[in-house]
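Observations on the model geometry
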Amino acid sequence: MSTTAILALVIVFSGSGSNRELFSDPVPAQPLLPHGDFCSSQVSIPHSSPDNRTAGPAQGLSANGVVELRSILDANKLADLRWADFSNFKGCVAEVYADTGYGLVWLEHSRPTPEALRVVHALENAEEKGLVPSDYDGPRWAGRLEQLERSSPPPESTLVHFDVALTVSTMRYLYDLRFGRLNPRTFHTAFDVKRNEYDLARFLLNRIAHDGDIRPTLAEIEPPYPAYHRTLRALAVYRKLAREYKGKPLPVPKRSVKPGESYVALPQLAELLRLLGDLPSGARIPEGNIYEGAVVEAVKHFQTRHGLEPDGRIGRDTFQALNTPLSQRVVQLELTLERWRWLPHRFDQPPIIVNIPEFRLHAINSEHHQVLAMKVVLGKAYGHKTPVFATQMDSVIFRPYWNVPYSIQRKEIVPDLRKNMGYLLKHNYQVVDDRQQVVSQGAVNASLLDEIRQGTVHVRQRPGPKNALGLIKFDMPNRYNVYMHDTPVTSLFAKSRRDFSHGCIRVEKPLALAVWVLRNNEGWTEERIREAMNGDKTFRERLVRPIPVLIVYGTALVNENGETYFFADIYGLDADLEKALAAGRPYPRPWGYAEKGEDR
């Protein structure tokens, strides 16, 4: 299996439902509001215990205590919290205390329950999950616990404030752990994945506040993907490396260092490569600072892990990757964990996943195994970025026409026609009207050229091996008009960085992808698909079962062997996400909530 096949075992499939329920139809993006009551939202989280019982209070309150508790709930604010306003969780918090008869959840005999201490430990160590402890009052819990210990017994007001603070902080933590802190539609307007209802209050009461060991319960609410959990382990490793590594940046010479040449910082290079696992611990370091042998092989391995050409030459891009602070690698892993939490947790059909920074496509079967992986060419970083979105592939078009987008028609074809009026004929283009009736097979005069420029007529390329879409197109309706297709220009797949298209996705192995895509359509063998691709007819074959497609963006991935891969932030999306998360609470509201409230 490919070393970058980290997506191979990541999806949990559902035996019921439909893709139409998971992916909403393309619609104009709705405005994102930073408010809403999460308890009214359409999201998915494990339900309460099977008998649906609600646990009683751990400790009751006096009449005055109940009055104080209810006043806090009515105000939806608690000054003790780092983020005092909890209006986004007002429904959940109110339900918790209503179900306990307005008693305390986390205290018994005025002391924290064992479950409370376990939850506090999780909140204090939220960075292990790629989260920020201060979002859940992490730095404040030691003082609160000490305050409870100092008083015997503590004032009831102190107990009430402690209990509400822990309930709100736990809800925030559970929600962020499951779905992430930010709404993906803040950045990707078409990443519109529907969610199911959940009962956070009962989950907290029955599964968190009264479970002996909360670790497996917390694991239930996290994304179910093995690669997600590998990323958590990698985060712990790189966080440790970032603390311990004291090496200075490697000196960068004026030209690339080639195998067999001398490099003044070879011992430091070897130390870094050994620390990162690219150079075996017992490997011999060449004498005289000669760059050769095991160190060259280690650099090649490092280059492979960082999306670079593994040629062993230490050039500008390799030095840049080597000198990237390990603290920034920690951030990449944290951002990838955030993106994992945005993904659907279940699919009706095995999906196709394209990871933009990796320039690869992954197809996964119903047994959770990767059955197909291939290189892809994606949109240019400047002006033609491939968007991040979720959709469905619903059909395959054999020997497609290429209907040239108006922007390309105006900006590229018109200038070429001005230089050579025979350009259309040479490249097998036609001019058609709005009804797709052919206006010209290639001959162009000044009047027709002006119509092409204005867009009153359209240019399309006839089917054939030289067609820009190749011999097959994989259609997946979306607001961007992005699709996957074959290409006659196969040389670009040899490059390590492959952002060359106008936004669509060129696939390295179109025949293999077509075999997998059409596997549920009766009679579509590899031979028949090959014949259709090389035939003389243009036609569409609709899929019996539409296939979920996710176009995602992850710059840090961990394969099944535990090797961590890092890729360049070619579109700057990690930089945008990092900036948004660094701003801290209140985060933009997740998942399209419509209810009004205060900041989270």
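In case you missed it, the structure is sitting above this.
Let us look at the overall build of the chain. For the chain, the helix and strand inventory stands at 19 helices and 19 strands. At a minimum sequence separation of 6, the contacts of the chain that also span at least 24 residues come to 75%. For the chain, the exposed area adds up to about 26,100 Å²; of that, 50% sits on carbon and sulfur atoms.

On to unusual backbone geometry, then. Cis geometry is adopted by the peptide bond preceding P153, which originates at S152 and carries an omega value of -10°. Looking at where P153 falls in the secondary structure, it is placed in the loop between α5 (141–150) and α6 (156–179). One non-glycine residue, D137, lies in positive phi territory at about 60°. As for its placement among the helices and strands, D137 is situated in the loop between α4 (114–124) and α5.

Turning our eyes to something else, we now look at the packing of aromatic side chains. Inspection of the entire model under this criterion finds 16 aromatic pairs. Here the aromatic residues F89, Y175 and F179 are joined through ring pairs into a cluster of three or more. Sitting over the face of the ring of W516, R519 holds its NZ or CZ atom 3.9 Å from the ring centroid. Seen from the ring of W524, R528 lies directly overhead, with NZ or CZ sitting 3.8 Å from the centre.

What follows deals with the environment of L266. Structurally, L266 is set in helix α10 (residues 266–276). Considered as a pair, L266 and Y291 are 25 residues apart in the sequence and their alpha carbons are 6.9 Å apart. Excluding residues that lie within four positions of it along the chain, L266 makes contacts with I285, P286, N289, I290, Y291 and V295.

Looking at where L177 falls in the secondary structure, it is placed in helix α6. Excluding residues that lie within four positions of it along the chain, L177 makes contacts with K129, L131, L218, I221, E222, P223, Y228 and R341.

Turning next to the nonpolar core. L269, I352, M393, F474, M484, L513 and V517 are the most contacted members of the largest nonpolar core, which totals 147 residues. No other element matches α6, which puts 13 residues into this core. Sequence-distant contacts of V517, that is, excluding residues within four places in its chain, are made with I352, M393, V396, F474, L543 and I547. In this structure, I413, Y423, L448 and L449 belong to the second largest nonpolar core, which totals 19 residues.

Going through the model one piece at a time under the given rule, you end up with 20 salt bridges. A salt bridge links D450 to R453; the shortest N-O distance between them is 2.7 Å. Separated by three residues within a single helix, D450 and R453 lie in helix α16 (residues 446–454), roughly one turn from each other. Overall, the relative accessible area of 32% leaves D450 in the partly exposed class. Note on R453: relative accessible area 34%, which makes it partly exposed. When the shortest N-O distance is used, the salt bridge between D475 and R540 registers 3.0 Å. Of this pair, D475 sits in strand β13 (residues 472–475) while R540 sits in strand β17 (residues 539–552), and the two are 65 residues apart along the sequence. Sharing partners across several salt bridges, the network here consists of D135, D176 and R585.

The next point concerns the sheet that holds strand β9 (residues 402–403). Ordered by their spatial adjacency, four strands build an open sheet running β9-β12-β10-β11, and the pairing between neighbours is antiparallel. Because the sheet does not close on itself, it has two edges, and the strands there are β9 and β11 (438–440). Bridge count for β9 against strand β12 (residues 458–461) is two bridges, and the pairing is antiparallel. Across the sheet, the residue bridging to N403 is R460, located in β12.

With that settled, the discussion passes to helix α14 (residues 406–419). With 14 residues, α14 extends 19 Å between its outermost C-alpha atoms, agreeing within 8% with the 20 Å of an ideal straight helix rising 1.5 Å per residue. Those residues of α14 that fall on the buried side of the exposure criterion are I408, Q409, I413, V414 and L417. Where α14 is buried, its residues contact β9, α15 (423–426), β10 (429–432), α16 and β12.

To continue, consider the pairing of β17. Pairing geometry for strand β5 (residues 352–355) and β17, over four bridges, is parallel. Among the inter-strand pairings, N355 is bridged to a residue of β17, identified as V552. As paired strands, strand β8 (residues 389–398) and β17 are joined by nine bridges and run antiparallel to one another. Counterpart to F389 in the pairing with β17 is I551.

Definitions and cut-offs
- Residues numbered from 1 in each chain as written.
- Predicted model: local features only at pLDDT ≥ 70, side-chain atom pairs only at ≥ 80, totals over all residues.
- Heavy atoms only, no water.
- Helix = DSSP H or I, 4+ residues; strand = E, 2+ residues; numbered from the N terminus.
- Contact = heavy atoms within 4.5 Å.
- Areas by Shrake-Rupley, 256 points an atom, 1.4 Å probe, with all protein chains shown as cover.
- Phe/Tyr/Trp six-rings, centres within 6.5 Å; stacked < 30°, edge-to-face > 60°.
- Lys NZ or Arg CZ within 6 Å of the ring centre and 35° of its normal.
- Core = buried A, V, L, I, M, F, W, Y, C linked by side-chain atoms within 4.5 Å.
- Buried < 20%, exposed > 50% of the residue type's maximum accessible area, 1.4 Å probe, protein only.
- Salt bridge = Lys/Arg side-chain N within 4 Å of Asp/Glu carboxyl O.
- Pairing = 2+ DSSP bridges.
- Expected span 1.5 Å × (residues − 1).

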